[in-house]
Amino acid sequence: MNKRIKGSRLFLTGLLTALVAVICAFYTGTDTSKATAPNILVILTDDQGYHDVSYYGTKDLRTPNIDQLTREGMRFDNFYANSTVCSPTRAALLSGRYQDYVGVPGVIRTYPQDSWGYLDPKAKLLPAMLKKAGYHTAIIGKWHLGLESPNLPNDHGFDYFHGWLGDMMDDYLTHRRHDINYMRKDRQTIDPQGHATDLFTQWSVDYVRKQAKDSRPFFLYLAYNAPHFPVKPPKEWLDKVKQREPSLPEKRAELVAFIEHMDDGIGQVIKALKESGQYDNTIIIFTSDNGGHLPSLANNGPTRDGKQSMYEGGLRVPTSIVWPGKVKAGTVSDQVNLSMDIYPTLLEIAGVKSTHPIQGRSFQKTLLGEKMNEAERPLYFTRREGGTDYAGQCSYALRLGDWKLLKNKPFQPMELYNLKDDPMETRNVIKEHPEIYKKLNSLLMLHIQNAGRVPWQKPAST
C-alpha cells in the first residue's frame, strides 16, 4: 500500500509540474519546446580579410569577440566565399545555390547600366524555408540583393528588416549611396543618426532581447557593411589603435580600428544573447563575403591577392561556428566548404527538408564531430562585371580536390594550380598537365551552360 501511495504522489507531482509549465508558458508567452529548436545567428562581414582576425596571430589587430567564437566553437581554415564580391556571395549563402543559378553572377547596383545581377524572384531563400519550422526571421544590416519589389527582404521570407538595401555606403554617418537613402525599416524609409556599425549592433541587441520573450526560435542574419571601404572608424577607435600601434601606416591603422570597432559590436550582440538566457540555445555562424580589399591594406594571410580576384586571397574567408553543447569548443576543421553550404546545414539542423534543387551540401556532421562521407565535388566561383577589364563578361575559378583552374579576368588566359604543392599559386602548370586542364575545363563549360539558362537582368517591361 505504501508503495502505491508513493507512486501516486510521484505521478501527481509530475503532473502538477507539467501543468505549471503549461500555465507559465500561456501567461508569459514562452514555449518550453523552444529549447529543441536552436536560434540561429549568422554574422556576415563585408570584405574582411582571411587573416584580419587576431586568432590567426595577426599582431597589429585585436578581435577578442571573434576570437572567442573560435575558442567556444569550431574554426574553419578552408572556408570559401562563393564569389570575390558582395552580391553573388550573399545570393549563394541565402539560396544554397550557385549565385549564377539564381540570377546573381555579379554585383547588383543602383544604375541598370552597371548592375550585373537580378535575383530570381522565385528563389527559395533561407528565411522562407526556416519559417516552415516556426522561426521568426530577421535581417539587420546590408541586403544588396535588390532595390525594389519583388526583391526586397520582406518579399523573400524575412519577417523583419532593419538596415541597408544597397551596396556600399558612401559614408558610414550619413548613410547615402549616390545621394540616395537606402536605409529601411521593413518597407519604410528611415534616416537614423549614428555610425552604421553602431546602428546595426544596437538594432541586433534590441532584436535579441525582444525575441527572448517570443515562443518562436529566431533566425537573425546580421550583415555588417564594415569593413567595406570607405574605411571610416569612429575617431576614438582610431586614436586607440594609433596609440597602441604608432608605426602602422595610416590606411592600415584605419582598417584595424574599423574591424576592432565592429568586433566590439559583435561582442555586444553575444552579450545580449547571454544576458537574455538564449546563448546556450543559439548556433552562431561568423564569416565574410569575400577576401580583404588590398588597397585598404587588408591582411589575407598566406594567400595570393584579395577582393575581386579568383586567386585564394579573394575567396578564402575567416569562419567559425559556435553551437553550445553540440560543437566541441576549440576545434579546428580543414574541410573545404562554401558560403552556399550554410543553407542546407541550417535546414538540416532546423529539421526542414529542401524540396527543390540546391548545390550546397550540409556539413552538420562535421560540426557534431562525426565523419562525413564526402564525394569529391567540383566547386565553381563566378563573377560578372562591367568596365574595360570585364566588358560584361565573367571571370571564373573551379576547384576539384587539390587542383584549381582559374581565369582571373575575362581577357586573360586560363591558369592551373595544384594547391597542395603550391598554396600561394605561384606556378601555373597548365602546360604540364593538359589532361587535368581538359577535365576541369569540361566541368566548367557545363557549369557555364547550366547558369546560362538563368536570366540575370530584370525582365523588360511590356
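Novice: Any chance you could explain the nonpolar core here in plain terms?
Specialist: Within the largest apolar cluster, 99 residues are counted, with the highest numbers of intra-cluster contacts made by Trp143 and Phe200. With 12 residues, helix H7 (residues 250–275) is the largest single contributor of residues to this core. When residues no more than four places from it in sequence are discounted, the contact partners of Phe200 are Ile140, Gly141, Gly163, Trp164, Met169, Met183, Leu222, Ala223, Tyr224 and Asn225. Judged by nonpolar contacts, the second largest core, of 31 residues, contains Phe381, Leu398, Ile436 and Ala451.

Novice: Explanation requested: H7 in the structure shown.
Specialist: Residues lying three or four places apart along an α-helix face the same way, a consequence of the helix completing one turn every 3.6 residues. Its 26 residues give H7 an end-to-end C-alpha distance of 37 Å, which sits within 8% of 38 Å, the value for a rise of 1.5 Å per residue. After H7 finishes, the residue Gly277 shows a positive phi value of roughly 75°.

Novice: Explanation requested: the pairing of strand E15 (residues 403–407) in the structure shown.
Specialist: Remember that side chains alternate between the two faces of the sheet whenever the strand is regular. The element E15 is extensively covered by neighbouring structure, given that 4 of its 5 residues are classed as buried. The antiparallel pairing of strand E14 (residues 394–400) with E15 creates a hairpin that spans 2 residues between the two strands, and Gly401 there sits at a positive phi of about 60°.

Novice: It is not clear to me how the sheet that holds strand E16 (residues 415–418) should be interpreted in this structure. Could you clarify?
Specialist: Either a parallel or an antiparallel arrangement is found when strands of a sheet pair, and the pairing is made through backbone hydrogen bonds. One open sheet holds the 4 strands; their spatial order is E13-E14-E15-E16, and the pairing between them is antiparallel. Two strands in the sheet have a free side with no partner beyond their single neighbour: strand E13 (379–384) and E16. Ignoring strand direction, the axes of neighbouring strands in this sheet form an average angle of 15°. As paired elements, E15 and E16 share 4 bridges and run antiparallel to each other. Bridged to Leu406 within E16 is Glu415. Across the sheet, helix H12 (residues 434–451) touches E13, E14, E15 and E16, and the angle it forms with E14 is around 125°.

Novice: Is there a simple way to think about the environment of Lys124 in this case?
Specialist: Here Lys124 is to be found in the loop between helix H3 (86–95) and helix H4 (126–131). With 212 residues separating them in the primary sequence, Lys124 and Val336 have C-alpha atoms 24 Å apart. Those residues within four positions of Lys124 in sequence are excluded, and the remaining contacts are Leu94, Ser95, Met129, Tyr343, Thr355 and His356.

Novice: Just to check I follow, could you spell out helix H5 (residues 196–211) for this structure?
Specialist: If you check H5, its first and last C-alpha atoms are 22 Å apart, about what 16 residues at 1.5 Å a residue would give, namely 22 Å. By the burial criterion, the buried members of H5 are Ala196, Thr197, Leu199, Phe200, Thr201, Trp203, Ser204, Val205, Tyr207, Val208 and Gln211.

Novice: Teacher, can you tell me more about the packing of aromatic side chains here?
Specialist: Think of a pair of aromatic rings as described by two things: how far the centres are apart, and how the planes are tilted against each other in angle. Applying the stated rule across the entire model yields 18 aromatic pairs. Note on Phe158 and Tyr221: the rings are 6.3 Å apart at their centroids and 15° apart in plane angle, and the pair reads as stacked. In this pair, Phe158 sits in the loop between strand E4 (136–142) and strand E5 (160–164) while Tyr221 sits in strand E8 (residues 218–223), placing the two residues 63 residues apart along the sequence. Assessed through its relative accessible area of 2%, Phe158 is described here as buried. Residue classification places Tyr221 among the buried residues on the basis of a relative accessible area of 0%. Stacked on the ring of Tyr279, the Lys or Arg Lys274 has its end atom at 4.7 Å from the ring centre. For Lys326, the ring lying beneath its charged end belongs to Trp323, and the centroid distance is 5.8 Å.

Novice: Looking at this model, I keep getting lost on the sheet that holds E8. Mind explaining?
Specialist: One open sheet holds the 10 strands; their spatial order is E7-E6-E5-E4-E8-E1-E9-E10-E2-E11, and the pairing between them is mixed. Each edge of the sheet is formed by a strand with only one pairing partner; in this case those strands are strand E7 (188–189) and strand E11 (331–333). Helix-sheet contacts for H3 involve strand E1 (39–45), E4 and E8, and the interaxial angle to E8 is about 170°. Taken strand by strand, helix H9 (residues 342–350) contacts E1 and strand E9 (282–288), and its axis lies near 180° from that of E9.

Novice: I'm lost on the packing of helix H6 (residues 235–244) against H7 in this one. Help?
Specialist: Axes are the key here: two packed helices are described by the angle between their axes and the distance separating the axes. Across the interface, H6 lies against H7 with an axial gap of 8 Å and an inter-helix angle of 120°. Judged by the inter-axis angle, H6 sits oblique to H7. The interaxial crossing formed by H6 with H7 has right-handed handedness. Contacts between H6 and H7 involve Trp237, Leu238, Val241, Lys242 and Arg244 on the former and, on the latter, Glu250, Ala253, Glu254, Val256, Ala257, Glu260, His261 and Asp264.

What counts, and at which threshold
- Residues numbered from 1 in each chain as written.
- Predicted model: local features only at pLDDT ≥ 70, side-chain atom pairs only at ≥ 80, totals over all residues.
- Heavy atoms only, no water.
- Core = buried A, V, L, I, M, F, W, Y, C linked by side-chain atoms within 4.5 Å.
- Buried < 20%, exposed > 50% of the residue type's maximum accessible area, 1.4 Å probe, protein only.
- Helix = DSSP H or I, 4+ residues; strand = E, 2+ residues; numbered from the N terminus.
- Contact = heavy atoms within 4.5 Å.
- Expected span 1.5 Å × (residues − 1).
- Pairing = 2+ DSSP bridges.
- Axes fitted to C-alpha atoms, helices over the stretch in contact; angles between N-to-C directions.
- Phe/Tyr/Trp six-rings, centres within 6.5 Å; stacked < 30°, edge-to-face > 60°.
- Lys NZ or Arg CZ within 6 Å of the ring centre and 35° of its normal.
- Parallel < 35°, antiparallel > 145°, perpendicular 65-115°, else oblique.
- Left-handed = near helix turned anticlockwise from the far one by under 90°.

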